[in-house]
Every structure is written in C-alpha cells, then in structure tokens.
Amino acid sequence: MLKITALAGGIGGGRFLRGLLRAAPDAEITVIGNTADDITLHGLHVSPDLDTVMYTLGGGIHEEQGWGRADETFSVAEELAAYGAHPQWFTLGDRDIATHLVRTQMLAAGYPLSAVTEALCDRWQPGVRLVPMTDERVETHVVVDEDGHHRAIHFQEWWVRMHASIPAERIVFTGIESATPAPGVLDALDAADVIVLPPSNPVVSIGPILAVSGIREALSSSTAPVVGLSPIIGTAPVRGMADAVLRTIGVEVSPQGVAGMFTDILDGWLVHSSDSDVVPHVEALGVRCRAVPLLMSDIDATSAMASAALDLAAGIRGRDS
Ligand code: GDP
Ligand code: CA
C-alpha cells in the first residue's frame, strides 16, 4: 500500500488533501498539521489549522468560507460580546466551541494534543491520520510597528484583526526551540513512499512544521521523493495574504521564490500552467518541475493536482532507483 505523508496548514492544505484522498483512495495518508496558529480564546485552546483539515475532510466545513463549521450559529459569541469579553475580532461559532471545549478539557486532564486530535478525529473520520507537528505549545507571533512602538502580537491578531495591513517586521515561532515532533511524526516521514507539501502558506504553515527539531532534517535525508505544489500563481497567492509574510522574510512572491525556500528538501515542484516559463528556473535549483493546472476550483481539479504530484514523485522514484 502506498504510504503518503503530507504537511498541512488550514484551508490550502485541507482542500488539497480532499483531492489527494480522491486521487489515491487506497493510500495510507498521514497528515502532519501546523499548530503554530493555535491560540487561547476565552480560556479555550483553539487549533485553527488542525480543525480546518479535520472539518474539511470530515464533511463538517463551511464550504464557501473554507474554515469553521457549516450551519453555524453564534449565540455564545453574542453573549460574550454583551459581557464586553475580549477579544472580539476572533468569532467562535457555537458548534465549533464544542470542539474547543473537548480539546481544552482533555488537555487539562493531561492528554497530549496528539491524543486529543485523535479523539476528535474519531468523530470526524477524516480518512487520514492527522497528527499535530508537536505536542508542545508553539505560537506564531508577529512584530509590528504601531506608531513607532514595536510590539509582538499573536499571528491571528495580525492576520484576522488587521488583515496583515501593516507590515510584519519579524515572524517568530515562540516555543519552537524546545518543541519536539509529536509521536508518529518522524515515523510517518520515515515510512513514507512519497512526501507531499500541499499549496499551504510556506512561511506560517509549512515554516513552523519544518522548524520543529528533526523534521526538516528528516525530509532532507528522506529517500522518498518530496514534492510540493506552489501556493503562488504568477505574483500573488491564490487566496489569502501569503505575499505579506513572504515579503517579511525577503522571499520573492513567485512560484520559484517559494521553491527556493525548500531546495534542501524538495525533489519536485508543481507550478501553475500559466507559469511554465519558470520551470527552467526551478530546475536550475536542482528541483524537477512541471507546469499543470493548480486551481482547486472543484474536487475533480483538485484530484488532478494530487495525481500530478504523485506522478511527479513516481517519475523521481523511477529515476533514482
Ligand atoms: P491557512 O492555514 O488556512 O492559511 O491555509 P494553508 O496555509 O493551508 O493554505 C493557504 C495557501 O493556500 C495560500 O497561500 C493560498 O495561496 C493557497 N491556495 C488556496 N487555494 C489555492 C488553490 O486553488 N491553488 C493553489 N495553488 N493554492 C491555493
Ligand atoms: Ca493557518
């Protein structure tokens, strides 16, 4: 049985994985999820990326929005606002809150996040094994200049409240120095026949996963091909504000710019059809590159992207053996 291990953020990762499940229905898929977006809100431990993947694959996602639950109501949020409880820029839906209650309670009882995630997935049956990158607490913080004051704020506040409208001077993964891979992470990378980087945000979704000790090394020394799909088409992200975080770390907002961040781990890279001119530039980095449609407009298109990634990987495996 083909063993596939994927790293994933939220929306881009989740949607791609839905296509991967369609393209490789018999494969054993392990997903290493980003937890650096995690945040404590009203005393609740919220794991936005893990939940987006779980809801997307489990059929509970709000399809148009891409995150949160379908058929959601907001009574609790309204009541919290009536008390003047903060923050009010991050709205939790009533259904969603049940997930955070279970998670927070289990964590307080001493279960690691990986065990909690497994328990939550028992309900959602996502069809993949979803493992957080680490059981330790890591949080992405962003240093911003607000009227001459340099202030570190939680990534979610910058992204959700400010819509990344002021530049991030620095991006810091607090807690990353002492974070170790969650149980199953290194095993899944070691056992994989193919390792996939979906079109997730390279800086704040893939970045923190690779920054957990040992994970980047496991990918770079892996004998399995590592293939990725560009979240950037032309000079802009398909969705969201990934350009803002790429500018912070000084990486060109382009498919080859993102490939350049991962030359130590990538064997193959897919760019969108309209970016075929960058293929030789990526190959000059020592990464095999193909241009194929990369718009996840529906499940068929997404499944075709996943097939293209697996084909690219198979070609690389064939070459190496
Ligand atoms: P988040 O954690 O919810 O922000 O989601 P991810 O990090 O997993 O994915 C966000 C990235 O997905 C963004 O940088 C988008 O450019 C990318 N993305 C979203 N939709 C598409 C698509 O249809 N095609 C491609 N190639 N990238 C996409
Ligand atoms: Ca995210």
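Above this text sits the structure in question.
Below is a summary of the structure that appears in this document. Since the structure is predicted, the reported quantities are computational estimates derived from the model, not experimental observations.

1. Concerning empty space enclosed by the protein
- Inspection of every chain in the model, using the stated rule, returns one cavity of 30 Å³ or more.
- Volume-wise, the largest cavity comes out at about 40 Å³.
- For the largest cavity, the full set of lining residues is L197, P198, S200, P202, I206, L229, P231, V258, F262 and W269.
- Its residues assigned to classes, the lining of the largest cavity comprises nine nonpolar, one polar and no charged.

2. Focus: the pairing of strand β1 (residues 3-8)
- Along β1, five of the six residues are buried, which leaves the element largely enclosed by surrounding structure.
- Pairing of β1 with strand β2 (residues 28-33), which is carried by six bridges, proceeds in the parallel orientation. Considered in β2, the bridge of T5 is made with T30.
- In the classification by handedness, the crossover that spans β1, the intervening helix α1 (residues 11-23) and the parallel β2 is right-handed.
- Bridge analysis of β1 against strand β9 (residues 194-197) gives three bridges, and the strand direction is parallel. Counted as the bridge partner of I4 is V194 from β9.

3. Quick word on the coordination of the calcium ion (ligand 2)
- Every protein donor of the calcium ion (ligand 2) is listed here as D37 (OD), D49 (OD) and D49 (OD), and their distances to the metal cover 2.0 to 2.6 Å. Here D37, found in the loop between β2 and β3 (39-41), pairs with D49, found in helix α2 (residues 48-58); they are 12 residues apart in sequence, far enough to count as distant.
- For D37, a relative accessible area of 7% corresponds to the buried category.
- Residue classification places D49 among the buried residues on the basis of a relative accessible area of 7%.

About the cut-offs
Residues numbered from 1 in each chain as written. Chains lettered and ligands numbered in written order. Predicted model: local features only at pLDDT ≥ 70, side-chain atom pairs only at ≥ 80, totals over all residues. Heavy atoms only, no water. 1 Å grid on protein atoms, 1.4 Å probe; cavity = no way out; pocket = protein on both sides within 12 Å on 5 of 7 lines; lining within 4 Å. Points joined across faces, edges and corners; volume = space filled by probe spheres on them. Nonpolar A, V, L, I, M, F, W, Y, C, P; charged D, E, K, R; others polar. Buried < 20%, exposed > 50% of the residue type's maximum accessible area, 1.4 Å probe, protein only. Helix = DSSP H or I, 4+ residues; strand = E, 2+ residues; numbered from the N terminus. Pairing = 2+ DSSP bridges. Right-handed = clockwise from strand over helix to strand, strands pointing away. Donors = N, O, S within 2.8 Å, 3.2 Å for Na, K, Ca; no water.

Worth remembering: the numbers are spatial, not functional.
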